[in-house]
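Observations on the model geometry
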Amino acid sequence: MSAPNPEPSPSPDPSPSPGPTPRSHHLDPRLLRAFLAVADELHFTRAAARLYVAQQALSRDVRRLERELGAELFVRTTRQVTLTVDGERLVPYARRALDAQDELLAAFAQARPLLVDLNFPDQATARAVLLRARELAPDQELMARYESGLTGAAGELLAGRLDASFGRFAGLDPALRAGLDHQPVRYEPMAVVLPEDHRLAALERVPLAALEGETVYAGAGNPRTPEWTDLARRLFEGRGIRIAPPVPLAVGDEEFQRIMAKTRNPILAVVDFPAMPATVLRPLVDPVPLSPVSLVWRKGLAHPAFDALRRAAIELSVEHGWLHRPSDGWIPATDEADMNIHK
């Protein structure tokens, strides 16, 4: 049987005794843990050993809690420690408070999924980055979302309902850009989707000059993709190419293909655009127009899988030369600074 070892009393505590002092609106959970350890053990030495702290530090924490609550919690003598009435009253409250804290910490010990917008299901660049990130962080959950365009995703990013997206950062409204950050990923060569009986369909590559007089669909009127329409406008300017007027907003591949089949307008796309029935995909040349693609996220984002996503984007950019700009490559002057930020 261990000898009684209450809190030692060789020298009086210089701290004032509990009294009508101003009470704090915030309690450090550490103080409640100190209190419960002593309440369980009724022995300061054993309580300190249980918490792996010095006995003197434990005593200070208990006295600080007493001052903040304005109540004496223990009766201390040279032979024993007992709970006061206020101490007994505090025990269930302290246990519930610490249980709630433990529950909260346990809930966040397993990170929520990182929500990554790929724009649309067959977006090859974004999907490749996501798949590589999953390989780099197999213990984390990275989930795909599809918001159609970067402008549509930006509001979700800023609201915390998405974590990352891909697209043309320079095409965003400055008010959206202010709350976001980005990392260049790829200069994605652009292409045109043509009806298979179009006059240019027999060409392996379509010079931009050959589109003179054509009306090309570039998402005009779609509130989720104005950055793409703006890119088309800058590309077509001075080349005699018109942007097709808005069409009914189609949701899903089947509806999009149906609407495009009715209009029969060429569609501005990228070289990895998914195949559509009764159409051909042809790269654009002379010059080679490039769609600047960045990984975009809200400023201050912290998530254990996010570093893997950024690393994946960097690795793939290097492996595939995605950020190599061909000598005849074209991007808008407005995008130059954004795409050179990490050079």
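Bear in mind the structure is a predicted one, so any value in this text is a computation, not a measurement.

Let us now look at the pairing of strand β12 (residues 288-298). Within β12, 11 of the 11 residues are buried, leaving the element largely enclosed by the surrounding structure. By the alternation rule, side chains of β12 split into V288, L290, P292, S294, V296 and R298 and P289, S291, V293, L295 and W297, which are all buried. Bridging between strand β5 (residues 164-167) and β12 involves 4 bridges; their strand directions are antiparallel. Its bridge partner lying in β12, S165 is registered against V296. Examined bridge by bridge, strand β6 (residues 180-195) and β12 share 9 bridges and lie antiparallel to one another. Looking at β12, one finds that P189 is bridged to L290. Judged from the 2 bridges that link them, β12 and strand β13 (residues 329-330) form a sheet pairing that is parallel. Along β13, the bridge assignment pairs V288 with G329.

Ranked by internal contacts, the top residues of the largest apolar core, which has 22 residues, are L114, V116, V129, L142, F166, L295 and L309. The set of elements that each furnish at least two residues to this core consists of β3 (114-117), α5 (124-136), β5, β12 and α10 (306-320). Broken down by element, this core gets its largest block of residues, 5 residues, from α10. Setting aside chain neighbours within four positions, we find L114 in contact with E141, L142, M143, D163, H303, A305, F306 and L309.

A few words on the packing of α5 against α10. The angle between the axes and the distance between the axes are what describe a pair of packed helices. Their axes nearest at 8 Å, the elements α5 and α10 cross at an angle of 120°. Comparing their axes, α10 and α5 come out oblique. Where α5 crosses over α10, the handedness of that crossing is right-handed. Residues A128, V129, L130, R132, A133 and L136 of α5 form the contact with α10, whose own contacting residues are A308, L309, R311, A312, A313, E315, L316 and E319. In the contact of α5 with α10, the residues fall into 10 nonpolar, no polar and 4 charged.

As a further point, take the packing of aromatic side chains. Evaluated as defined, the whole model comprises 4 aromatic pairs. Relative to F306, the ring of W297 lies with its centre 5.0 Å away and its plane at 65°, an arrangement referred to as edge-to-face. The same class applies to W297 as to F306, namely buried. Within the aromatic cluster, the residues linked to one another by ring pairs are F35, F44 and F74. In this structure, R96 packs its charged tip against the face of Y93, placed 5.0 Å from the ring centre.

Here we come to the pattern of salt bridges. Tallied over the entire structure, the rule returns 28 salt bridges. For D272, the salt bridge identified is with R186, shortest N-O distance 3.0 Å. Taken together, the positions of D272 in the loop between β10 (267-270) and β11 (279-285) and R186 in strand β6 put the pair 86 residues apart, joining distant regions of the chain. Note that E214 and R199 form a salt bridge whose closest N and O atoms lie 3.0 Å from each other. Taken together, the positions of E214 in the loop between β7 (206-207) and β8 (215-216) and R199 in the loop between β6 and β7 put the pair 15 residues apart, joining distant regions of the chain. On the basis of relative accessibility, which here comes to 52%, the residue R199 falls in the exposed class. Within the structure, one salt-bridge network assembled from shared partners comprises D40, E41, R46, R50 and R95.

So, on to the confidence of the model for the protein. Here the protein shows a mean pLDDT of 88. Residues at 70 or above account for 90%. Mean pLDDT in the protein bottoms out at helix α9 (residues 253-263), which sits at 79, and peaks at β7, which reaches 98. Taken together, the stretch residues 1-22 has pLDDT below 50 and engages in 30 contacts with residues farther than four places along the chain or on a different chain.

Reading the values: the criteria
- Residues numbered from 1 in each chain as written.
- Predicted model: local features only at pLDDT ≥ 70, side-chain atom pairs only at ≥ 80, totals over all residues.
- Heavy atoms only, no water.
- Buried < 20%, exposed > 50% of the residue type's maximum accessible area, 1.4 Å probe, protein only.
- Helix = DSSP H or I, 4+ residues; strand = E, 2+ residues; numbered from the N terminus.
- Pairing = 2+ DSSP bridges.
- Core = buried A, V, L, I, M, F, W, Y, C linked by side-chain atoms within 4.5 Å.
- Contact = heavy atoms within 4.5 Å.
- Axes fitted to C-alpha atoms, helices over the stretch in contact; angles between N-to-C directions.
- Parallel < 35°, antiparallel > 145°, perpendicular 65-115°, else oblique.
- Left-handed = near helix turned anticlockwise from the far one by under 90°.
- Nonpolar A, V, L, I, M, F, W, Y, C, P; charged D, E, K, R; others polar.
- Phe/Tyr/Trp six-rings, centres within 6.5 Å; stacked < 30°, edge-to-face > 60°.
- Lys NZ or Arg CZ within 6 Å of the ring centre and 35° of its normal.
- Salt bridge = Lys/Arg side-chain N within 4 Å of Asp/Glu carboxyl O.
- pLDDT = per-residue confidence, 0-100.

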